[in-house]
Every structure is written in structure tokens, then in C-alpha cells.
Amino acid sequence: MAWAIEPGCGAVVTFCGTVRDHSDGREGVTELEYQAYMEQVEPRLSAVAKAARDHWPELARLALLHRVGRLKVGEISVVVAASTPHRGEAFDAARFCIDTLKHSVPIWKRETWADGSDWALCAHDMIDVPGGDEDVDHPNGYDASIAMGR
Amino acid sequence: VSLPRLRLFGPAAEAAGTPHEEIPGTNVEEVIEAARGRFGREFSAIVKTCRIWVNGDCADLHTPVNESDEVALLPPVSGG
């Protein structure tokens, strides 16, 4: 949180995605296991961050993180943090980042629930990051990374 | 013989029984056809839902590949 606070900014929005105890038709979810195309996660997260910066140039700090491995109910699986001078852009940029991340980053989750274990049913056909270009450098305050579960 | 590396994820890896395999082929279509023959019907059904990348970039069935290339099959994603 301290990392995201900037003197020129009046807003920090953080989004945390947490492991839920149910999904469509699956009650009593106890655990998720995230698998990723590890080498390609950071480039794709970077592309999401780049697209957000292109759309909201007033973004100061921007971080996208996703965990992999096994996570229990209530644990945080994904974080987006964005700081901007005014709150509207921080909310909009954070929303864009989590929505785009869910459709464009090569990560898959397997659910374990009361009656079994299988890949999530709520999967999305992959999209390319709108306007994204993962080969561009990010000069100011940008971060995108993947963190190992546990 | 060209043996590109095939990377599989999520349900595609589970259906194939492996996350990676070297599969012969000189373009994406040949690699996928050889993989379908090797891994069977459940895998073949999942392949139809997958995006194809070569070395991290979007590719199609006609994209040429050689032994230094990595072909990835990406089922619908569920991160977040």
C-alpha cells in the first residue's frame, strides 16, 4: 500500500480477488489450484498494464500480481493496485486491469469441492490485450509479476 | 525430423496426461494432428477450444515450426 501512495495522487484503489467457497453447481469448494504458462504470465500482465497506461496516462503506480499453486478459501489469488491524482481514474483503471487480466493471461484454476475436483467451468476464451504490446518498456512505477502460492 | 516442443495446460494437459511433449511436424497443423493421434479423443475435443501460440505469440494452423519452437495449446483461461 505504501508503495502505491504518491505525492501527486489523491487515490489508491486496490482490488483483491479471494478464493470463494462455491462456484457454479459446486458447493463446498475448499481449495483452488492455479496453473500457469509461467514464462508468459509476466509478459501478458505487462501488456495489460501497458494498455491501462495508454488509456489512463495519469496513472502513477500500477501493480498486477497473480499467485499460482494451491490456495485455500479466503486466501488472496490476485491483486491490482492503481494510484492516480483523482479517484475516478483509479477505479476505472483497476477495473479494466482485473477484467482484462481474467481474459488474457494464461492461467487456469482447478477447483476442489465437496463432491470432486475439476477445472473451473467459468473459463473465458482468450483475448489479446486491447492495444497491448508486451515489448514496450514501462518507465515509471510499473510492476507486474507472478508470485508462488504459499 | 522436426520435433517442436508442444506445451499443454489445464484440461488439455490433463487429457493428454502430460504437460509437454516433443511432437513431429513442420507447421502447427501437423504438430496438432500428430498430437491428436497420440493423445486420443478427449484431448482432440479440447484442442478445438484452444488458442494456439508459438513462442508466446498468437499463431494459426499454417504457422511454420521447427525443433527450436514451442507450440502452446491454451484452453479457455480462468485466472483471477
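Structure: above.
Small disclaimer: the values here were computed from a predicted structure and weren't measured.

1. Focus on the overall build of chain B
Then step 1. For chain B, the count of helices and strands is three helices and five strands.
Then step 2. When the helices and strands of chain B are listed from N to C terminus, the series reads β-α-β-α-α-β-β-β.
Then step 3. In terms of C-alpha radius of gyration, chain B reaches 11 Å, essentially the compact-globule figure of 12 Å for 80 residues.
Then step 4. Its C-alpha atoms give chain B principal-axis dimensions of about 35 × 25 × 20 Å.
Then step 5. Residues classed as buried in chain B amount to 52% of the 80 residues present.
Then step 6. Counting only contacts in chain B whose residues sit at least 6 apart along the sequence, the fraction spanning at least 24 positions is 48%.

2. Let's talk about the packing of helix 1 (residues 38-55) of chain A against helix 2 (residues 87-104) of chain A
Residues and elements named next belong to chain A.
Then step 1. One way to put it is that helix 1 packs onto helix 2 with a least axis distance of 10 Å and a crossing angle of 145 degrees. Pair helix 1 / helix 2 crosses with right-handed handedness. Contact with helix 1, carried on its side by Arg-44, Leu-45, Val-48, Ala-51 and Ala-52, involves Phe-96, Cys-97, Thr-100, Leu-101 and Ser-104 of helix 2 and no other residues of that element.
Then step 2. Considered class by class, the residues forming the contact of helix 1 with helix 2 number seven nonpolar, two polar and one charged.

3. What about the pairing of strand 5 (residues 70-74) of chain B?
Residues and elements named next belong to chain B.
Then step 1. Burial within strand 5 is extensive, with five of its five residues counted as buried.
Then step 2. Here strand 5 shows no split at all, with Glu-70, Ala-72 and Leu-74 on one side and Val-71 and Leu-73 on the other all buried.
Then step 3. Here strand 1 (residues 5-8) pairs with strand 5 via four bridges, running parallel. Opposite Leu-8, over in strand 5, you have Leu-73 as the bridge partner.
Then step 4. In this sheet, strand 5 lies alongside strand 3 (residues 51-54) in antiparallel orientation, the contact comprising four bridges. Note that in strand 5 the partner of Val-54 across the bridge is Val-71.

4. What about the packing of aromatic side chains?
Then step 1. Summed over the entire model, instances satisfying the criterion amount to five aromatic pairs over all chains.
Then step 2. Pairing Trp-108 of chain A with Phe-9 of chain B gives two aromatic rings, centres 5.1 Å apart and planes at 5 degrees, and the pair type is stacked. You can see Trp-108 of chain A sitting in strand 7 (residues 107-113) and its partner Phe-9 of chain B sitting in the loop between strand 1 and helix 1 (10-16), one on each of two chains. Grouping residues by exposure puts Trp-108 of chain A and Phe-9 of chain B together as buried.
Then step 3. Every member of this aromatic cluster is reached through a ring pair, and the members are Tyr-37 and Trp-108 of chain A together with Phe-9 and Trp-53 of chain B.
Then step 4. The ring of Trp-53 of chain B carries the charged tip of Arg-44 of chain A above its face, separated from the ring centre by 3.8 Å.

5. Topic: helix 2 (residues 28-39) of chain B
Residue and element names in this part refer to chain B.
Then step 1. Taking 1.5 Å of rise per residue, the twelve residues of helix 2 would be expected to cover 16 Å, and the 16 Å separating its terminal C-alpha atoms lies within 8% of that figure.
Then step 2. Along helix 2, the residues that are buried comprise Val-28, Val-31, Ile-32, Ala-35 and Phe-39. In a view along the axis of helix 2, the buried residues occupy a sector of 95 degrees, so they form one face of it.
Then step 3. For helix 2, the secondary structure elements touched by its buried residues are strand 1, helix 1, strand 2 (20-22), helix 3 (41-47), strand 3 and strand 5.
Then step 4. Capping the start of helix 2, Asn-27 holds a side-chain oxygen 3.1 Å from the backbone nitrogen of Glu-29, two or three residues further along.
Then step 5. Positive backbone phi, at 95 degrees, marks Gly-40, one or two positions downstream of helix 2.

6. Details of the side chain of Ser-104 of chain A
Then step 1. In this fold, Ser-104 of chain A is placed in helix 2.
Then step 2. You can call Ser-104 of chain A buried: its relative accessible area is 1%.
Then step 3. From its side chain, Ser-104 of chain A meets the backbone oxygen of Thr-100 of chain A in a polar contact 2.8 Å long.
Then step 4. In contact with Ser-104 of chain A, other than residues within four places in its own chain, are Arg-44, Val-48, Met-126, Ile-127 and Val-129 of chain A together with Val-77 of chain B.

7. Remarks on the sheet that holds strand 5 of chain B
Residues and elements named next belong to chain B.
Then step 1. If you walk across this open sheet you meet the five strands as 2-1-5-3-4, and the pairing is mixed. Only two strands of the sheet have a single neighbouring strand rather than two, namely strand 2 and strand 4 (57-58).
Then step 2. Relative to strand 1, helix 2 is tilted by about 65 degrees, and along the sheet it contacts strand 1, strand 2, strand 3 and strand 5.

Thresholds applied
Residues numbered from 1 in each chain as written. Chains lettered and ligands numbered in written order. Predicted model: local features only at pLDDT ≥ 70, side-chain atom pairs only at ≥ 80, totals over all residues. Heavy atoms only, no water. Helix = DSSP H or I, 4+ residues; strand = E, 2+ residues; numbered from the N terminus. Rg over C-alpha atoms; globule rule 2.2 N^0.38 Å. Buried < 20%, exposed > 50% of the residue type's maximum accessible area, 1.4 Å probe, protein only. Contact = heavy atoms within 4.5 Å. Axes fitted to C-alpha atoms, helices over the stretch in contact; angles between N-to-C directions. Left-handed = near helix turned anticlockwise from the far one by under 90°. Nonpolar A, V, L, I, M, F, W, Y, C, P; charged D, E, K, R; others polar. Pairing = 2+ DSSP bridges. Phe/Tyr/Trp six-rings, centres within 6.5 Å; stacked < 30°, edge-to-face > 60°. Lys NZ or Arg CZ within 6 Å of the ring centre and 35° of its normal. Expected span 1.5 Å × (residues − 1). Arc of directions from axis to C-beta. Polar contact = N/O pair within 3.5 Å; in protein donor to acceptor, adjacent residues only side chain to side chain.

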